[in-house]
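Survey of secondary and tertiary structure
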Amino acid sequence: MKQIKLRENVFIPEIGFGTWKLEDQELAKNSVLFALQLGYRHIDTAMSYGNEEAIGQAIKESGIPRSEIFLTTKLSNDFRGRDATFRAFEQSLQRLQTDYVDLFLIHWPSPKKYRDHYKELNNETYKAMEELYFLGKIKALGVSNFLIHHLEELSTQVPVSVNQIEFHPYFTDWETIEYCQKHNMTIEAYSPLGRGQILKDPVIIKMAEKYQKSTAQICIKYALQNNIVPLPKSQTTKRIQENLNVFDFEISEEDIQILKSLNKDDGKIGSHPDYADF
Ligand code: A2P
């Protein structure tokens, strides 16, 4: 699989394995282990997913050297500011059974309980992440769910390398994507399959038939061809395999435009970053 160079000169495999909703520990461990055995080398988790321990265990049991796996976790909304960030980060490392993460993200820009002073807290938090970066405990720094104004509010010494946002044919925030790509940030797509809800779209079904691929594979390829790193989640072995099998076809430019036209005003499935209820 191709690796994309992040601005810190760190390489990220262009497809990651998403683990949101893999809450059952045994299922999470087995799914990640299976993904690693199949060839995934990029695992995306978060403190709030409640599966860091299971993922740490899967990595250990896989026998694959830690240095060959790109591991991301995210700071949950409970923690902001220097001390809390350090504390939470160390706990994540322990659960993941590792002494560094490849990518560490602020999960949401404006946690409900800190909403009245989220900007200063994000700056303090990001500074703490920079300290961890300089100590070599984080290889690349990023954010998730950040809109342009959140990015502009952040003052950084080590520029933001990654912004992980919702992206699929029904929801594409081109304004944020273009801003980030222009500023040399890599976009990662969470819910690249629209949480499975868009896979019955007749246009996507027709396209899947044309390319003799599945609708999920069309969505994954759509992200890749927009220079976006998709993080498809599955707990089904056949699908985990299918979602990696996207390197034997190319969607034509004309069909990419058709997929772009599926973008809808109400296509967003996840919460709005400014108004999330958590
Ligand atoms: P499951 O985990 O039961 O396999 P997203 O990555 O956009 O959040 O989508 C995840 C959802 O899509 C999950 O419900 C997952 O189901 C489903 N899914 C993942 N891969 C496929 C696939 N190849 N075909 C159909 N559904 C899929």
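No experiment lies behind these values; they were computed from the predicted model shown. (Residues numbered from 1 in each chain as written. Predicted model: local features only at pLDDT ≥ 70, side-chain atom pairs only at ≥ 80, totals over all residues. Heavy atoms only, no water.)

Those residues of helix α10 (residues 253-260) not exposed but buried are Asp255, Ile256 and Leu259. The arc that holds the buried residues of α10, viewed along the axis, is 105°, so those residues lie on one side. Facing away from the buried side of α10 by more than 90 degrees, the exposed set consists of Glu253 and Glu254. If you follow the buried residues of α10, they end up packed against α7 (202-211) and α8 (215-225). (Buried < 20%, exposed > 50% of the residue type's maximum accessible area, 1.4 Å probe, protein only. Helix = DSSP H or I, 4+ residues; strand = E, 2+ residues; numbered from the N terminus. Arc of directions from axis to C-beta. Contact = heavy atoms within 4.5 Å.)

For the ligand, the set of nearby residues contains 16 residues, the closest of which are Leu193, Lys233, Ser234, Thr236 and Arg239. Between the ligand and Glu242 there is a distance of 3.0 Å, counted from a nitrogen atom to a side-chain nitrogen or oxygen. Coverage of the ligand by the protein chains reaches 82% of its 570 Å² of free accessible surface. Split into classes, the residues belonging to the shell around the ligand amount to five nonpolar, seven polar and four charged. (Near = heavy atom within 4 Å. Polar contact = N/O pair within 3.5 Å; in protein donor to acceptor, adjacent residues only side chain to side chain. Areas by Shrake-Rupley, 256 points an atom, 1.4 Å probe, with all protein chains shown as cover. Nonpolar A, V, L, I, M, F, W, Y, C, P; charged D, E, K, R; others polar.)

On to the pairing of strand β5 (residues 70-75). Burial analysis of β5 places six of its six residues in the buried class, the great majority of the element. Between the parallel elements strand β4 (residues 42-44) and β5, the chain passes through helix α2 (residues 52-62) in a crossover that is right-handed. Strand direction decides the pairing type here: β5 and strand β6 (residues 101-106), joined by four bridges, are parallel. Pairing of Leu75 across the sheet is with Ile106, part of β6. At this point the chain moves from β5, through helix α3 (residues 82-96), to the parallel β6, and the crossover so formed is right-handed. (Right-handed = clockwise from strand over helix to strand, strands pointing away. Pairing = 2+ DSSP bridges.)

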